[in-house]
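Architecture and fold: a report
What follows is each chain in one-letter form.
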Amino acid sequence: MSHNSYPIILFKGWRKYILTLVLLLVSVIGWAGYYNAQARGRIFSGVVVGTINLSNLSVAEAEHKLQLAWDELSRQGLVVNFNNQQFKIAPLTGSPTDPDLSYELARLDTNTTVMEAYNIGRRGGVVWELVEPVLVKMFSYHLRGRIKIDYDSLTKLVRKSLPGVEQLPQSASFTFDDSGKITVIPERTGYLINMPALQ
């Protein structure tokens, strides 16, 4: 055997490993493509919004399922916590005497939420569109619901329901009594609801 034949023998030995790797890669791509084709028009398996599983649902079915969940949550009320105090609010606040005075404090934007869920696995380049649905199926993907909040109305309701939730800062001062005694009143820090941070 000549010295020049070693590379050919080594290449022949590695050829089956390379062929196996190529076949494996083609199989994975083929399976991912088939899986993606099966999910056409549906949300990929493993996509969850909050605690609501939207796997394999069409856009219309997912919107309906989320709306039912939001309606149930609205009936129970949303809980607002502040320090050790809490109270419940209804997302739709109504006036028993005048329906025109009703207003919506919070609303789930089902269309935007569902479209975000639908786009999982359908964004990015071709390779990512093949890989992401498989990863989502294996590990699941959790989204937050897109909730629109009327922050001005919510702040007014919080202030009304939790008196003392805000406290204005007070500079140090002093007072005189009738006997000429001076009393120093120390400064007091305050806290206000930070509206821009909420939004």
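Let me begin by describing the structure that accompanies this report. This is a predicted model, so every value here is computed, not measured.

So, about the overall build of the protein chain. When its secondary structure is counted, the protein chain shows six helices and 11 strands. With 199 residues in all, the protein chain has 26% of them scored as buried. On the protein chain, roughly 14300 Å² of surface is accessible, and the fraction owed to carbon and sulfur atoms is 60%.

Let's shift gears to the sheet that holds strand β1 (residues 47–49). Sheet architecture is open: three strands sit in the order β2-β1-β8, paired in mixed fashion. Of all strands in the sheet, those bounded by a partner on one side alone are β2 (52–53) and β8 (141–143). In the sheet, β1 pairs with β2 via two bridges, with the strands oriented antiparallel. Looking at β2, one finds that Val-49 is bridged to Ile-52.

Moving on to the environment of Lys-65. Inspection of the secondary structure assignment puts Lys-65 in helix α2 (residues 59–76). On the basis of relative accessibility, which here comes to 35%, the residue Lys-65 falls in the partly exposed class. Between the C-alpha atoms of Lys-65 and Ile-52, which are 13 residues apart in sequence, the distance is 8.1 Å. When sequence neighbours within four positions are dropped, the list of residues in contact with Lys-65 reads Ile-52, Asn-53, Leu-54 and Leu-57.

Bringing the packing of α2 against helix α3 (residues 110–119) into the picture now. To describe two helices that pack against each other, one gives the angle between their axes and the distance between the axes. Axis separation between α2 and α3 bottoms out at 9 Å; the angle between their running directions is 130°. Relative to α3, the element α2 is oriented oblique. Our pair here, α2 against α3, has a crossing hand that is right-handed. Of the residues in α3, those touching α2 at Val-59, Ala-62, Glu-63, Leu-66 and Gln-67 are Thr-110, Asn-111, Thr-113, Val-114, Met-115 and Tyr-118. Of the residues that constitute the contact of α2 with α3, the class distribution is six nonpolar, four polar and one charged.

Rules used throughout
- Residues numbered from 1 in each chain as written.
- Predicted model: local features only at pLDDT ≥ 70, side-chain atom pairs only at ≥ 80, totals over all residues.
- Heavy atoms only, no water.
- Helix = DSSP H or I, 4+ residues; strand = E, 2+ residues; numbered from the N terminus.
- Buried < 20%, exposed > 50% of the residue type's maximum accessible area, 1.4 Å probe, protein only.
- Areas by Shrake-Rupley, 256 points an atom, 1.4 Å probe, with all protein chains shown as cover.
- Pairing = 2+ DSSP bridges.
- Contact = heavy atoms within 4.5 Å.
- Axes fitted to C-alpha atoms, helices over the stretch in contact; angles between N-to-C directions.
- Parallel < 35°, antiparallel > 145°, perpendicular 65-115°, else oblique.
- Left-handed = near helix turned anticlockwise from the far one by under 90°.
- Nonpolar A, V, L, I, M, F, W, Y, C, P; charged D, E, K, R; others polar.

By themselves, these figures tell us nothing about what the structure is for.
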